[in-house]
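Geometric and topological summary
One-letter residues, chain by chain:
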Amino acid sequence: MANATRSRGPRISDLTGRWEYLRWEIVYPDGSITHPFGEGASGALLYTPAGGMSANIMAGARPLLSKANPRAASVPERARAFDGYFGYAGRWSIQGGQVAHEVTVALNPALVGSVQWRKATLRGRTLTLSVEEPVADGLRVHRLVWQRPRRTAALSRTTAPRRTAQRRKTKR
């Protein structure tokens, strides 16, 4: 019976909620591994019970733009900002043991209207979403690893009001 439970894919209730980014690794046919956003990257994945989803990842230590308004920044600065960020949102479902992300908005316009299929593996609080991508010499595998944050009731009750109070002080 334990093996039957372990072999089934995740259910919607298993994935619903917020996930924190741990890493994105790409494994190439020769066995080499790269991390597109490097060390120190961060991100969030959100699955709602109503079928909404959002995935966002950014490289660590992204430089600030020289202008507060991004449209006033130089084209090279905006290109670097684009290269250091990945994000899309839309609808999600589980079909045939895979997670389907139906993309409705995205930083990369080429993703809008696409369905991004991901094999989902859930082990404890760790979710791995993977996809194989054909390349000239075989397949490369993208693995995005997420972790369910630990809930800290004391943290959520005490830090949120304090942050709001700090914002009010700085606006005065």
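Residues numbered from 1 in each chain as written. Predicted model: local features only at pLDDT ≥ 70, side-chain atom pairs only at ≥ 80, totals over all residues. Heavy atoms only, no water.

**Some remarks on the nonpolar core**
We count it as follows: Residues belong to one nonpolar core when they are buried, are Ala, Val, Leu, Ile, Met, Phe, Trp, Tyr or Cys, and are joined through side-chain atoms within 4.5 Å. Summary of the burial criterion: residues with accessible area below 20% of their type's maximum are buried, those above 50% are exposed, and those between are partly exposed, where the area comes from a 1.4 Å probe applied to protein chains only. Helix numbers and strand numbers start at the N terminus; a helix is a DSSP run of H or I with at least 4 residues, a strand a run of E with at least 2.
Residues L45, Y47, L127, L129 and W146 are the most contacted members of the largest nonpolar core, which totals 23 residues. Of all elements in the fold, only β1 (17–27), β3 (42–47), β4 (52–58), β5 (85–95), β6 (98–106), β8 (126–135) and β9 (138–147) reach the threshold of two or more residues within this core. With four residues, β1 is the single largest residue contributor to this core.

**Observations regarding the pairing of β6**
The condition that has to hold: Strand pairing follows a simple DSSP-based rule, namely that at least 2 bridges must link the two strands.
Where β5 and β6 come together, eight bridges link them in antiparallel fashion. Residue pairing across strands places R91 opposite E102, the latter belonging to β6. Relative to strand β7 (residues 115–123), β6 runs antiparallel, the two sharing five bridges. Across the sheet, residue A100 finds its bridge partner in β7, namely W117.

**Points about the pattern of salt bridges**
Defined as follows: Note on definitions: salt bridges are taken to be side-chain nitrogens of Lys or Arg within 4 Å of carboxyl oxygens of Asp or Glu.
Per the counting criterion, the structure on display carries five salt bridges. The partner of E20 in a salt bridge is R18, with the nearest N and O atoms 3.2 Å apart.

**As for unusual backbone geometry**
In this model, A61 sits at a positive phi of 55°, which is unusual for a non-glycine residue. Assignment of secondary structure puts A61 in the loop between β4 and α3 (75–83).

**Observations concerning the environment of R18**
To keep it simple, the criterion reads: The contact definition used throughout considers only heavy atoms, calling two residues in contact when any of these lie within 4.5 Å. Counting of polar contacts relies on pairs of N or O atoms within 3.5 Å, with two restrictions inside protein: one atom must be capable of donating a hydrogen and the other of accepting it, and residues adjacent in sequence are counted only when both atoms are side-chain atoms.
Tracing the chain through its elements places R18 in strand β1. Counting along the chain gives 36 residues from R18 to S54, while the straight-line C-alpha distance between them is 9.6 Å. Ignoring sequence-local partners within four residues, the contact set of R18 consists of A44, L45, L46, R148 and P149. For R18, the side chain forms a polar contact with the side chain of E20, separated by 3.2 Å.

**As for the confidence of the model for the chain**
As a reminder, the rule being used: Summary of the metric used: pLDDT quantifies the predictor's per-residue confidence within the range 0 to 100.
Across the chain, the average pLDDT comes to 87, with 83% of residues at or above 70. Counting interchain partners and residues more than four positions distant, the pLDDT-below-50 stretch residues 155–172 has one contact.

**Details of the packing of aromatic side chains**
Basically, it comes down to this: When the centres of two rings from Phe, Tyr and Trp lie within 6.5 Å, Trp using its six-membered ring, the rings pair. Their planes under 30 degrees apart give stacked, over 60 give edge-to-face, and anything left gives tilted.
Scanning the model with the defined rule gives five aromatic pairs in all. Relative to W92, the ring of Y47 has its centre 4.2 Å away and its plane inclined at 35°; by these criteria the two rings are tilted. Of the two residues, Y47 sits in strand β3 while W92 sits in strand β5, which places them 45 residues apart along the sequence. By relative accessible area, Y47 is classed as buried at 1%. Note on W92: relative accessible area 7%, which makes it buried. One aromatic cluster in this structure is built from W24, F37, F86 and Y88.

**Re the side chain of S93**
By the secondary structure assignment, S93 is in strand β5. Under the relative-accessibility criterion, S93 is labelled buried at 16%. In terms of polar contacts, S93 uses its side chain to reach the side chain of Q95, at 2.8 Å. In contact with S93, not counting residues within four places along its chain, are Q98, V99, A100 and E102.

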